[in-house]
Amino acid sequence: MTARSLRWRLLIAAAAYISTALVISALVLSLLFERHVKAWIDGELNAQLDQLIAGVEKITSGELTLSRTPKDPRFEKALSGLYWQVEFGAEHRVLRSRSLWDFKLTLPREQQIDQESRHHRVAGPGGQELYLLQKRVELPARLGREQAYFAVAINEAEVQAAVWRFANALIPLLVTLGIMLAAAAWIQVSIGLRPLASIREKISSIKSGAQARLGSEFPDEVRPLASEIDSLLDKRDDEIEVARTRAADLAHGLKTPLQIIFGGIARLKAKGDAELAEDLETAARMMQRHVDRQLARARLQGRRMDAVADVKSVATQVANVLRRSPDGERLEWLVDVPSGTVAKIHTDDLAEALGCLVENAARYARSQVTITAMKEAGGITIRVSDDGPGIPKDKMPDALKRGERVDTSGPGSGLGLAIATDIAEAWHGTLGFTPRADAFAVELRLKSAKTS
Amino acid sequence: MPHPLKILLTLLVCGPVLLTGVGTAVADDIGHEEARRLVESGRILPLAEIVDKVSVEVPGDILETELEYDDGIIVYDFKILRPDGRVQEVEVHASTGDILKIEDDD
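The rules behind the values
- Residues numbered from 1 in each chain as written.
- Chains lettered and ligands numbered in written order.
- Predicted model: local features only at pLDDT ≥ 70, side-chain atom pairs only at ≥ 80, totals over all residues.
- Helix = DSSP H or I, 4+ residues; strand = E, 2+ residues; numbered from the N terminus.
- Buried ≥ 20, exposed ≤ 12 C-beta atoms within 10 Å, placed from the backbone.
- Contact = placed C-beta atoms within 7 Å.
- UniProt positions renumbered as here; feature names shortened; annotations may be inferred.
- pLDDT = per-residue confidence, 0-100.
- Pairing = 2+ DSSP bridges.
- Axes fitted to C-alpha atoms, helices over the stretch in contact; angles between N-to-C directions.
- Parallel < 35°, antiparallel > 145°, perpendicular 65-115°, else oblique.
- Left-handed = near helix turned anticlockwise from the far one by under 90°.
- Nonpolar A, V, L, I, M, F, W, Y, C, P; charged D, E, K, R; others polar.
- Expected span 1.5 Å × (residues − 1).
- Bend = angle between axes of the 7 residues up to and from the residue.
- Core = buried A, V, L, I, M, F, W, Y, C linked by C-beta atoms within 7 Å.
- Arc of directions from axis to C-beta.

Draft legend 1. Here's a closer look at the overall build of chain B. Secondary structure assignment for chain B yields three helices and five strands. Helices and strands in chain B line up, N terminus first, as α-β-α-α-β-β-β-β. Scored against the burial criterion, the 106 residues of chain B give a buried share of 15%. Put simply, 40% of the contacts in chain B that link residues at least 6 apart link residues at least 24 apart.

Draft legend 2. Fine view of the overall build of chain A. Within chain A, the secondary structure is distributed over eight helices and 14 strands. Partitioning the intrachain contacts of chain A with sequence separation of at least 6 by distance along the chain shows that 59% fall at a separation of at least 24.

Draft legend 3. View of the UniProt feature "transmembrane region" (unreviewed entry) in chain A. Residues and elements named next belong to chain A. Mapped onto the present numbering, the UniProt feature "transmembrane region" (unreviewed entry) falls on residues 12–33 and 169–193. For residues 12–33, the helix share is 100%, the strand share is 0%, and the end-to-end C-alpha distance is 31 Å. Measuring from the first to the last C-alpha atom of residues 169–193 gives 37 Å, for a span that is 100% helix and 0% strand.

Draft legend 4. Spatial organisation of the confidence of the model for chain A. Residue and element names in this part refer to chain A. Confidence in the prediction of chain A, expressed as mean pLDDT, is 85, and 91% of residues score 70 or more. Here helix α7 (residues 396–399) stands out as the element of chain A with the lowest mean pLDDT, 66, in contrast to strand β3 (residues 82–88), whose mean of 95 is the highest. Low pLDDT (under 50) marks residues 409–413, which in the prediction has six contacts with non-local residues, meaning those over four places away or in another chain.

Draft legend 5. Region of the structure containing the pairing of strand β12 (residues 379–386) of chain A. Residues and elements named next belong to chain A. One ladder, built from eight bridges, connects strand β11 (residues 368–376) with β12; its direction is antiparallel. Within the sheet, the bridge partner assigned to I371 lies in β12 and is V384. Adjacent in sequence and paired antiparallel, β11 and β12 are bridged by two residues, among which G378 carries a positive phi angle near 75°. The pairing of β12 with strand β14 (residues 440–447) spans eight bridges and is antiparallel. Residue pairing in the sheet places T381 in a bridge with R445 of β14.

Draft legend 6. Summary view of the packing of helix α1 (residues 6–54) of chain A against helix α2 (residues 156–207) of chain A. All names here are of chain A. The contact between α1 and α2 brings their axes to 8 Å, and the two run at 155°. Of the possible angle classes, the one that applies to α1 and α2 is roughly antiparallel. Between α1 and α2 the crossing geometry is right-handed. For the contact of α1 with α2, the residue count by class is 26 nonpolar, four polar and three charged.

Draft legend 7. Just the pairing of strand β7 (residues 147–155) of chain A, in detail. Residue and element names in this part refer to chain A. The buried fraction of β7 is high, at seven of nine residues. Direction of pairing for β3 relative to β7: antiparallel, over a ladder of seven bridges. Each bridged residue has a counterpart across the sheet, and for Y83 the counterpart in β7 is A153. Both strand β6 (residues 129–138) and β7 contribute to a ladder of nine bridges, which runs antiparallel. Across the sheet, L132 pairs through a bridge with A153, a residue of β7.

Draft legend 8. Structural view of the environment of A:A210. Residues and elements named next belong to chain A. Tracing the backbone through its elements, the reader meets A210 in the loop between α2 and α3 (223–271). Using a count of 11 C-beta atoms within 10 Å as the deciding quantity, one classes A210 as exposed. In sequence terms A210 and D306 are 96 residues apart; their C-alpha atoms lie 8.5 Å from each other.

Draft legend 9. Representation of the interface of chain B and chain A in the model. If you look at the interface, chain B gives ten residues, while chain A gives eleven residues. When residues of the side of chain B that touches chain A are traced back to their parent elements, those giving at least two are α2 (32–40) and α3 (47–57) of chain B. Element by element, the count of residues in the side of chain B that touches chain A is highest for α2(B), at four residues. Its residues placed into classes, the side of chain B that touches chain A shows seven nonpolar, two polar and one charged.

Draft legend 10. Spotlight on α2(A). Residues and elements named next belong to chain A. For α2, spanning 52 residues, the distance from its first C-alpha to its last is 74 Å, which sits close to the expected 76 Å at 1.5 Å a residue. Taken as a whole, α2 carries its principal kink of about 40° at R194; the proline P195 stands between one and four residues after it. Taken from the residues just after α2, G209 is the one with a positive phi, measuring 90°.

Draft legend 11. Spatial organisation of the nonpolar core. Core analysis: the largest hydrophobic core is formed by 39 residues, its most contacted members being A:A151, A:A153, B:I50 and B:A94. Those elements that provide at least two residues to this core are α1, β3, β6 and β7 of chain A together with α3 and β3 (73–81) of chain B. The leading source of residues in this core is β7(A), at six residues. When sequence neighbours within four positions are dropped, the list of residues in contact with A:A151 reads A:W84, A:Q85, A:L105, A:L107, A:L132 and A:Q134. Core analysis: the next-biggest nonpolar cluster, separate from the first, contains 38 residues, A:V318, A:I345, A:L350 and A:L417 among them.

Draft legend 12. Broad picture of the sheet that holds β7(A). All names here are of chain A. Spatial ordering of the open sheet is given by β4-β3-β7-β6-β5, a layout of five strands whose pairing is antiparallel. At either margin of the open sheet sits one strand with a lone partner, and together these are β4 (93–96) and β5 (118–123). Strand-to-strand, the axes of this sheet are offset by a mean angle of 25°, without reference to chain direction. Packed on one face of the sheet, α1 meets β3, β6 and β7 and runs near 145° to β7.

Draft legend 13. Local environment of α3(B). Within the span of α3(B), buried status applies to B:L47, B:I50, B:V51 and B:V54. The arc enclosing the buried residues of α3(B), seen along the axis, measures out at 100°, which places them on a common side.

So, in structure tokens, the structure goes:
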């Protein structure tokens, strides 16, 4: 998978939006929690403020004091982080919780006297930053209608620590959620991209000939692509068909003129111009082979690729035909093919290919031509061997090229092995040589048919 | 209002300790209002400073803080719960912040 992979792009996008979503939810949840904690703390501090306000009494000396103070033990413990402070009158006489110890809060001044409690941030003892709630009220007539500030404060760091603990507790949850979402994204991407993989599979099976077209069994989004590919294939097939037909027509069209040329050559010979006749005959034979090959090819390309051929019967037929030829009559023929050897090839094509090979063998053999076949892993090897001189090793690659003649002395156009190679390749087979000390062999390897 | 009662309770609870005290003179507790005046007059250090100093030498949670006159000097008396679970009493010179005595509660 590369940077250009669709899967990667989708997964990277998914990773980006999942992590963004999770980071945002972590922040929002922490913020909500902080608000919740502050609201709860506000409730507590308000209750304590009310208790302070209700506890104001006048003692006999006329001074104001608190008859009762909030009961939270943290108000008693020095520097505990929870404090109260009360200030009376214009001269701000101060009463403080024991927890403030030697520290006095500087209460912010309020503009109005009302029932509202107001939030402030003030400095506390030991560098603490305090979250402070205060009210400015007027005391009842019995207490001299004095104005008073009542303040309760808590160490801000405790609130922040609670939020921080909450955020930390969130992390494993969010990580788990992230993993689950990532897995879901991966599954989604895999399912979403599956049609593309199936198109690739089908295209490769079209290539191998197992299937003709992609078909229409795809999701709506992919079907137009598949049908475009199918119509492209249709168009290409039509074009190939036209070209093939033209080539076949051309070959057919040349057949009659060739016969006329051969007739002319015969007349030339009769007139005694043997040298010119021989030159023309060589050229005409070459043309004949090209025409034959083109016709063979045209036939080959029209084949359905599910044909099978019984090797034994084809080999026997070919041997029988060539045994009666001028070259064949002087030779000993041996066909050794196990019955039930079935190759993936059309019978006519196998006959043609074998014909080419056996014809060559018969031409060069001294006394014997042998056709054997054996089954190997997934394939069938048909060997045509003769006891002739064979082809020199350095000429072997040339021998398979079309029109190349290793032996330029005798008749022939040099197309026999090329035709056999064409046929072998059309059926996903190969053609090769196996030189031996006492014999020369050509091997035709074909795919084995499953049914046998 | 609860002052007389508080003194009585203090005497009841602390009385035996004071009587069997380890050679220390009878202590006079100083309240937080007086502590503020002492800090303002510069006779003792602010508690926050002392706590900073003490927590370096004796780390742990300070459970209780008391200020008292002890043989003519002003002394902070801390009960500290140490991380290993021991509760220790620590006496600190309130004017200098020097630790005078560290003493296990056992």
